[in-house]
Amino acid sequence: MKKLIQGIVDFRKSLTDERRALFAKLALGQKPDALFIACSDSRVAPNVFASTDPGDLFVLRNMGNLVPPSTSEEASVQAVLEFSVLSLQVSNIIVCGHSECGAMIALTEGINTITYPHMHSWLKIGETSLQKMNEGFSLDTNLSKHNQLSQINVLQQLEHISQYPFINERLSRGDIQIHGWWFDIGKADVYCYEPTLGKFVIIEEAEAQLILNRLQN
């Protein structure tokens, strides 16, 4: 908490007139470009590795960066999808998984070993990803099991997202794009899933340009 509070003090001291003007403008409304779905893990900080400013991202974070299927009765994630797509009209949705994810470790160790009832219920959403891995699907066999699962899980959540009718309709029209990212904590590298290659590729200059080119098409 000491670091947190000191950060607020430092923020006030370093706030320039330009930044104050930005926040004054944001107080009138928001128009983010993307919905960013990430894990609640404290080590995953999109504002650090993606260099975002206030107003750039509409953010959803939960354990395991999970998105329930469209048939689920769980309403929290669906509400975020509806508001970001239908009201804010974001043009991109990013699902970002990460290495050493506690949710993925729990799934690989066996969901029935989880004694917390709400966590047990929530992580059931990730069982489809686990089943795919157990059936032999992998994107990178050099990774540990839980990191393999983490990458598979990103793709599974993209599949869930695309099944929502109001998103599927916009995907078919080209009004929205969905992206799978993966953050390697130990290496501080961010990867993007490339469908043509069937794997996650590190986002450096060449890959970044490919992503931007797709956005323009």
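What you see is a predicted model, and the numbers here were worked out from it, not measured in a lab.

Here we look at the pattern of salt bridges
Then comes step 1: Applying the stated criterion to the full structure yields six salt bridges.
Then comes step 2: Its salt-bridge partner being Arg-214, residue Glu-194 comes within 3.1 Å of it at the nearest N-O pair. Residue Glu-194 is found in strand β5 (residues 189-194), and its partner Arg-214 is found in helix α10 (residues 205-216); the two are separated by 20 residues along the sequence.
Then comes step 3: A relative accessible area of 4% places Glu-194 in the buried class.
Then comes step 4: Exposure remark for Arg-214: the relative accessible area of 29% places this residue in the partly exposed category.

Focus on α10
Then comes step 1: Across its twelve residues, α10 extends 17 Å between first and last C-alpha, which sits within 8% of the 16 Å expected from 1.5 Å per residue.
Then comes step 2: Its side-chain oxygen at 3.1 Å from the backbone nitrogen of Ala-206, Glu-204 defines the N-terminal cap of α10.

What about the pairing of strand β3 (residues 92-98)?
Then comes step 1: Taken across its seven residues, β3 has seven buried, putting it largely inside the fold.
Then comes step 2: The two faces of β3 match: Asn-92, Ile-94, Cys-96 and His-98 on one face and Ile-93, Val-95 and Gly-97 on the other face are all buried.
Then comes step 3: Bridge analysis of strand β1 (residues 34-39) against β3 gives five bridges, and the strand direction is parallel. Bridge pairing links Phe-36 to Ile-94 in β3.
Then comes step 4: Relative to strand β4 (residues 177-184), β3 is paired through seven bridges, and the arrangement is parallel. Among the inter-strand pairings, Ile-93 is bridged to a residue of β4, identified as Ile-178.

Topic: a nonpolar patch on the surface
Then comes step 1: Judged by side-chain polarity, Met-1, Leu-4, Ile-5, Ile-8 and Val-9 come together as a nonpolar surface patch covering roughly 520 Å² of accessible area.
Then comes step 2: Relative to the assigned elements, Ile-8 resides in helix α1 (residues 2-14).

Examining the side chain of Gln-151
Then comes step 1: Checked against the element boundaries, Gln-151 lands in helix α8 (residues 145-162).
Then comes step 2: By relative accessible area, Gln-151 is classed as buried at 4%.
Then comes step 3: Residues in contact with Gln-151, not counting those within four places in the same chain, are Leu-139, Asp-140, Leu-143, Trp-182 and Phe-200.

Quick notes on the packing of helix α5 (residues 102-109) against α8
Then comes step 1: Running from amino to carboxyl end, α5 crosses α8 at an angle of 110 degrees, the nearest separation of the two axes being 9 Å. Of the possible angle classes, the one that applies to α5 and α8 is roughly perpendicular. Where α5 crosses over α8, the two elements pack in a sense that is right-handed. Listed contacts from α8 to Met-104, Ile-105, Leu-107 and Thr-108 of α5 are Lys-145, His-146, Leu-149, Ser-150 and Asn-153.
Then comes step 2: The class makeup of the residues in the contact of α5 with α8 is four nonpolar, four polar and one charged.

Criteria and thresholds
- Residues numbered from 1 in each chain as written.
- Predicted model: local features only at pLDDT ≥ 70, side-chain atom pairs only at ≥ 80, totals over all residues.
- Heavy atoms only, no water.
- Salt bridge = Lys/Arg side-chain N within 4 Å of Asp/Glu carboxyl O.
- Helix = DSSP H or I, 4+ residues; strand = E, 2+ residues; numbered from the N terminus.
- Buried < 20%, exposed > 50% of the residue type's maximum accessible area, 1.4 Å probe, protein only.
- Expected span 1.5 Å × (residues − 1).
- Polar contact = N/O pair within 3.5 Å; in protein donor to acceptor, adjacent residues only side chain to side chain.
- Pairing = 2+ DSSP bridges.
- Patch = residues over 30% accessible without salt bridge, like charges linked within 9 Å, V, L, I, M, F, W, Y side chains within 5 Å.
- Areas by Shrake-Rupley, 256 points an atom, 1.4 Å probe, with all protein chains shown as cover.
- Contact = heavy atoms within 4.5 Å.
- Axes fitted to C-alpha atoms, helices over the stretch in contact; angles between N-to-C directions.
- Parallel < 35°, antiparallel > 145°, perpendicular 65-115°, else oblique.
- Left-handed = near helix turned anticlockwise from the far one by under 90°.
- Nonpolar A, V, L, I, M, F, W, Y, C, P; charged D, E, K, R; others polar.

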